[in-house]
Amino acid sequence: MRLGRTLPPAAALVPLVSVLHGLSGGMNGASEIRRFEVELKRYHAAEHVFLVSSGKASLYLILKALHRLRPEKDGVVIPAFNCYSVPSAIVRAGLRVRLCDIDSDTLDFDYPSLEKLVKSDKAGTILAILPTHLFGVPSDVPRVRRLVAGTSIKVVEDAAQALGVRVQGGRLGTLGDVGFFSLGRGKVFSTVEGGVVLTSDAEVAEAIKEELRLFKEYNAAEIFWLVVQAVVLSLFTDPRLFWIPKALPFLKLGKTRFDPGFSLKGMSGFQAGLSRGWQPALKRISAIRQANSAVWKEALRGWQGVFQPNVMAPPLSFLRYPVLIRNSDRRRAILKESELRGLGIMTAYPNSLDRLEGVIHQGAGERCANASSVARQLVTLPVHGYVTHLDRQKIKGVFFMSCRKTTR
Ligand SMILES: *Cc1c(COP(=O)(O)O)cnc(C)c1O
């Protein structure tokens, strides 16, 4: 365990002044939530926005709504290298997880596999496909749309890690039939926990409204706990103090769990209040992330056994910068050195979803070879605003301690 300066992997900012806004938002209640909804709608040019307690709850809500419209369909196709929250939400919604392998070059779907899945679905069991922008790396949503054209399969964009990222076709989260963001602790912008659903499809929005009636409100004790967490986040995200929460195992920082037992609530006024001023804050944060991502892209170019996803035009702002390291001993050494020196190099998810035995039983049999090798090779580098020049030098040093530059 390290005592001393430690870079957090993601560092969503919750300034202390936001906690005060949150508290005043708690007083304003519905009007504060309304304000956040209107701002999100305008920013994304979306017709309908719904605010809930987490990204998982957002996805659950979307899937229940789609299933309400198409009760005979129950398959939900997701990339096999993914956050465990995603299968948690699918299982919670009573639906079936269908895994699709990924392309290790782009971290997006392996499109030939996706095409095979769609073409072989003669009985029409697939309800939705979830292009997923992992680390803010854009998935090719237009390509998924073309693939499902002429079917009733819905495209649900998992933009949990990609708030504020703009690509050629528009903002991520608005390119599918319906999309969602997470405002959880490890994401770009956080309200401690929270989720946003966006859609411009009137029929889907109506079904979502129906399902949303079954969601609860936060009670006073839960709000109090949110306030405590917001204060802790605002104080301890700074690298000088981050080692403290990191050393507390019950906080489970950076852990990803399969757990369909999560709660389903509408967003509170406190959380909406925390978001006040999110647009300028997001713009600032994204510019820093974009600049740091470009630095990593340049610094890692041409090193033997180190592979970067092939995704940088236009310049993008990543949540964490993903890199594949082919040699497992070297990867282990890098992670260990980073842990000792508090440099914030992290793995993402311990395994691909096809390896989560007993959870994704439908995936059993279909092994997803690329997803599982990415799970074994991936590390992510921090790109947030606390990363200093000296940190970058140290990270490069650790990264290349056992590595030669190729002569190209
Ligand atoms: C974090 C995340 C989610 C779930 O969001 P929570 O707010 O943590 O429930 C879903 N999908 C992806 C890709 C995520 O990274």
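Residues numbered from 1 in each chain as written. Predicted model: local features only at pLDDT ≥ 70, side-chain atom pairs only at ≥ 80, totals over all residues. Heavy atoms only, no water.

## Digging into the sheet that holds strand β12 (residues 378–382)
Convention followed: Strand pairing requires that DSSP identify at least two bridges connecting the strands. For the purposes of this entry, the term helix denotes a DSSP run of H or I that reaches at least four residues, the term strand denotes a run of E that reaches at least two, and both are numbered from the N terminus. Contacts are assigned to residue pairs with any non-hydrogen atoms lying within 4.5 Å of each other. In this description, a line fitted to the C-alpha atoms serves as the axis of each element, helices being fitted only across the stretch in contact, and the angle between N-to-C directions of two axes falls anywhere from 0 to 180 degrees.
The antiparallel open sheet is built from three strands, whose spatial order is β10-β11-β12. Every other strand in the sheet has two partners, leaving β10 (306–307) and β12 as the edge strands with one partner each. With two bridges joining them, β10 and strand β11 (residues 320–325) adopt antiparallel strand pairing. What sits directly across from valine 306, in β11, is isoleucine 325. Against the sheet, helix α14 (residues 389–399) makes contact with β10, β11 and β12, and its axis sits at roughly 160° relative to β12, the strand it touches most.

## A word on the site of the ligand
For clarity, the cut-off: Whether a residue is near a molecule or strand is decided by its heavy atoms; if any one of them lies within 4 Å of it, the residue is near. By the criterion applied in these results, polar contacts are pairs of N or O atoms within 3.5 Å in which, for protein atoms, one can donate a hydrogen and the other can accept it, and in which residues neighboring in sequence qualify only through two side-chain atoms. For every accessible area listed, the method is Shrake-Rupley and the probe measures 1.4 Å; residues are considered covered only by the protein chains on display.
Inspection of the region around the ligand gives 15 residues, with Gly55, Asp158, Gln161, Ser182 and Lys187 positioned closest. Interatomic distance of 2.7 Å between a backbone N/O atom of glycine 55 and an oxygen atom of the ligand. Within the side chain of glutamine 161, a nitrogen or oxygen atom sits 2.6 Å from an oxygen atom of the ligand. Considered on its own, the ligand offers 380 Å² of accessible surface; in the complex 91% of this is hidden by protein. Of all the secondary structure elements, the ones that give two or more residues to the shell around the ligand are α3 (55–69) and α4 (85–92).

## Some points on the packing of aromatic side chains
Rule in force here: Ring pairs shown here join Phe, Tyr and Trp side chains whose ring centres sit within 6.5 Å, with only the six-membered ring taken for Trp; geometry is labelled stacked below 30 degrees between planes, edge-to-face above 60, and tilted in between. Categorising residues by exposure relies on relative accessible area from a 1.4 Å probe, with only protein chains included: less than 20% of the type maximum marks a residue as buried, more than 50% marks it as exposed, and the intermediate range marks it as partly exposed.
Per the stated rule, a full pass over the model turns up six aromatic pairs. Aromatic pair tyrosine 43 and tryptophan 278: ring centres 4.9 Å apart, planes at 70°, arrangement edge-to-face. With tyrosine 43 in helix α2 (residues 30–44) and tryptophan 278 in helix α11 (residues 278–300), this pair connects stretches of sequence that are 235 residues apart. Taken as a pair, tyrosine 43 and tryptophan 278 share a single burial class, namely buried. With 5.5 Å between their ring centres and 55° between their planes, phenylalanine 81 and tyrosine 349 make a pair best called tilted. You can see phenylalanine 81 sitting in the loop between β2 (75–79) and α4 and its partner tyrosine 349 sitting in the loop between α12 (328–341) and α13 (369–377), a full 268 residues away along the chain.

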